[in-house]
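Analysis of the macromolecular model
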Amino acid sequence: MAFPHTFFDTDLFFHRISNDPKVVAAAGDEFSKTRPSAISAFTILEFKGAYVQKLGLLREKVSRSDSLREASARTENSGGRGVKLMLALLLKYLDVGGFDIRPWEEARRQLLVHIDAEIYASYRSIASSVDKVFDDFQCSRSQEPPLFSNTKWKLQISNCTSDAIPCHVQQFLKQYEAELISLIQAIDSLTDDESSRELKNIKDIAFTIIHSSFYCSSKTCRKIGDLLIGLQSKVGYELLTSNFREHDPMHFPLKYRLRIFPLAALRIK
Amino acid sequence: MSTIENISEHDLIMPVLEQPVKTDDKVVNIDDYRSKSDTVNANRIFQHGAGILRAKHNRVITSDDVFQSVSEASQYLLDETFQLIVEVNDSELDIVERSNLFDMWKDNLRILSRNANHFLVSHNIILGSLINSTKKKDLNNFKVEVLKAFADATNALRKPRLQSQEVEPLMAQLSQLSCIPSTGLLNDGLSGLEEMNLDSIILKFIKDEDAK
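All residue numbers refer to position in the chain's written sequence, counted from 1. Chain A is the first chain written and ligand 1 is the first ligand written, with later ones labelled in order. Local features are withheld for residues below a pLDDT of 70 in this predicted model, meaning they are given only at 70 or higher, and side-chain atom pairs are given and counted only at 80 or more; totals for whole chains, interfaces and linings count all residues.

Describing the overall build of chain A
Strands here mean DSSP runs of E at least two residues long; helices mean DSSP runs of H or I at least four residues long; both are numbered from the N terminus. Assigned secondary structure in chain A consists of 12 helices and seven strands. Computation of the radius of gyration draws on C-alpha atoms alone. For the globule rule, the value is 2.2 Å times the number of residues to the power 0.38. A compact globule built from 269 residues should have a C-alpha radius of gyration of about 18 Å, and chain A, at 20 Å, falls within 12% of that. Here the C-alpha coordinates of chain A stretch approximately 65 × 40 × 35 Å along the principal axes. Here chain A holds 269 residues, and the buried ones make up 48% of them. Counted over contacts in chain A with a minimum sequence separation of 6, partners at least 24 positions apart contribute 68%. Three exposure classes are used, based on other C-beta atoms lying within 10 Å of a residue's own C-beta, which is placed from the backbone: buried for 20 or more, exposed for 12 or fewer, and partly exposed in between. Two residues form a contact once the distance between their C-beta atoms, set from the backbone, is within 7 Å.

Some remarks on the packing of helix H7 (residues 121-134) of chain B against helix H8 (residues 144-157) of chain B
All names here are of chain B. The angle between two axes is taken between their N-to-C directions and runs from 0 to 180 degrees, where each axis is a line fitted to C-alpha atoms and a helix contributes only its stretch in contact. Contact geometry for H7 and H8: axes closest at 10 Å, N-to-C directions at 145 degrees. Seen from above, H7 lies across H8 with left-handed handedness. Contacts between H7 and H8 pair His123, Ile126, Leu127 and Leu130 from the former with Phe150, Ala153, Ala156 and Leu157 from the latter. Think of it as three bins: nonpolar holds Ala, Val, Leu, Ile, Met, Phe, Trp, Tyr, Cys and Pro, charged holds Asp, Glu, Lys and Arg, and polar takes everything else, Gly as well. Of the residues that constitute the contact of H7 with H8, the class distribution is seven nonpolar, one polar and no charged. In this scheme, a crossing is called left-handed if the near helix is turned counterclockwise away from the far one by less than a right angle; it is called right-handed if the turn is clockwise.

Things to note about the interface of chain B and chain A
On the chain A side, the residues contacting the 48 residues of chain B number 56 residues. Elements with a contribution of two residues or more to the side of chain B that touches chain A: strand S1 (3-4), helix H1 (9-12), helix H6 (95-115), H7, helix H9 (164-177) and helix H10 (192-210) of chain B. Considering every element that reaches the side of chain B that touches chain A, the biggest residue donor is H10 of chain B, with nine residues. For the side of chain B that touches chain A, the class distribution of residues is 23 nonpolar, 15 polar and 10 charged.

Let's talk about the packing of helix H6 (residues 104-128) of chain A against H7 of chain B
The geometry of a pair of packed helices is captured by two quantities: the angle between their axes and the separation between those axes. In contact at an axis separation of 7 Å, H6 of chain A and H7 of chain B are set at 85 degrees when each is read in the N-to-C sense. One element, H6 of chain A, and the other, H7 of chain B, form an angle in the roughly perpendicular class. Contact residues: Leu112, Val113, His114, Asp116, Ala117, Tyr120 and Ala121 of chain A in H6 of chain A; Val121, Asn124, Ile125, Leu127, Gly128, Ser129 and Asn132 of chain B in H7 of chain B. Its residues assigned to classes, the contact of H6 of chain A with H7 of chain B shows eight nonpolar, five polar and one charged. Note that the term roughly parallel is reserved for angles under 35 degrees, roughly antiparallel for angles over 145, roughly perpendicular for angles of 65 to 115, and oblique for everything else.

Observations concerning the confidence of the model for chain B
The predicted coordinates ought not to be read in detail in places where the model reports low pLDDT. Residues and elements named next belong to chain B. Looking at any residue, its pLDDT shows the predictor's confidence there, from 0 to 100. This prediction gives chain B a mean pLDDT of 76; 66% of its residues lie at or above 70. Note that residues 1-26 has pLDDT below 50 and, in this model, 52 contacts with residues that lie over four places away or in other chains. Every residue in residues 56-70 is under pLDDT 50, and counting partners more than four places away or in other chains gives 17 contacts. Per the prediction output, this complex has pTM 0.84; the corresponding ipTM is 0.90.

Overview of the nonpolar core
Within the largest apolar cluster, 118 residues are counted, with the highest numbers of intra-cluster contacts made by Leu87 of chain A together with Ile126 and Leu127 of chain B. It is H6 of chain A that contributes the most residues to this core, 12 residues altogether. Here isoleucine 126 of chain B is in contact with Ala153, Ala156, Leu157, Val167 and Leu170 of chain B, once residues within four sequence places are set aside. Nonpolar cores are identified as sets of buried Ala, Val, Leu, Ile, Met, Phe, Trp, Tyr and Cys residues joined via C-beta atoms within 7 Å.

Structure below.
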């Protein structure tokens with residue numbers, strides 16, 4: 001351990017904006033009381049991909065629609081269930097103070113005001129919520145913030161296809177070869193019920209790293225976010241996460257300290 | 001090992017994609033606004049704004065009426081909204097009066113969110129953040145510095161074209177002084193029942209929309 005920081009896994013940021021008030025309060029407590037705190041730069045990328053981009057999609061669908069019915073259909077048809085539920089949650093949020101869906105022009109403006117504010121504030125809150133951002137593998141994509149022009153956002157996360165991208169993820173992973181050998185054995189020992197698709201991806205990629213055939217391209221790194229965040233947390237005191245399934249089998253072979261955020265116990269039944 | 005001590009907020013936050021149209025910067029900051037020659041102008045705006053407010057209070061004028069002539073009415077409402085938060089900051093007024101003005105300012109923010117049809121993303125960011133920061137809160141929840149930050153942000157909304165690089169310092173000031181809560185639109189881990197409830201919210205509003 002080189003630093004005394006507690007690393008927050010990406011899921012803690014999601015819990016902080018969850019719909020469950022007990023989960024929100026407990027996550028908020030962790031952010032305010034756990035010091036010093038840190039994240040991997042990769043968390044910024046994960047948050048952008050999992051939340052901010054969906055907000056951008058919701059914005060696009062709402063702004064192009066001539067009615068709520070149309071917005072609802074558009075979000076479900078091309079944004080998926082998650083984006084439609086975002087629309088519903090936004091309506092619920094606005095309805096607390098009384099929300100009039102008519103005329104749609106006005107309602108749409110009001111929706112867009114809140115979506116724009118949420119895109120900006122949620123992304124901004126990531127780095128400003130912790131004391132330090134560690135970026136040992138120099139993730140270029142994590143340093144690309146949402147951009148906005150007068151009327152639209154640019155929220156894409158480009159694929160990493162060029163050697164010109166100064167990302168050192170390959171070197172970063174290579175330095176943990178011994179730990180990765182132990183990790184493969186640990187994952188192999190799991191039953192099917194204990195394992196997961198991400199753990200299998202991690203094992204496959206760990207195998208290629210050990211045998212020097214690993215070449216990280218496109219979105220490879222995004223399949224092994226838990227591995228990258230777990231390894232990054234080794235420089236700190238511990239990793240705080242609710243993701244027991246992936247991190248419990250990994251933390252011992254990779255030699256990082258794990259603290260579990262008790263999500264299941266907190267959730268309203 | 002390299003660390004980013006500062007993937008700083010400044011680096012993370014939103015450079016400009018395009019240069020907005022340059023406009024006359026007739027917007028003043030709160031201190032200037034309250035001084036010398038602006039007094040006459042402030043009174044004029046406030047008197048007009050008070051008229052709109054009284055009408056609004058009596059439910060004589062609807063937001064549609066206010067925005068018959070969009071740019072002019074929007075500008076009046078924006079000026080009035082700014083004047084309200086300026087008055088909230090006036091320590092010579094009694095607390096009840098300031099509290100009422102604060103509530104009126106919040107009402108105006110909501111009306112702006114529905115009616116200011118010239119607003120750009122940059123306006124939306126500031127306006128939405130003001131609304132979220134003050135939701136379910138009253139004057140007592142905020143210190144003087146926060147109220148002044150609200151005034152600065154409200155003042156910025158008066159610019160017809162608000163440049164994206166102007167947003168960051170205002171948002172930094174707001175978030176430093178006052179928590180800007182998330183709208184919380186994440187929906188992972190919802191139960192089937194919760195999802196059904198959310199579906200019914202959309203259906204309810206669609207029904208309202210169809211009931212013309």
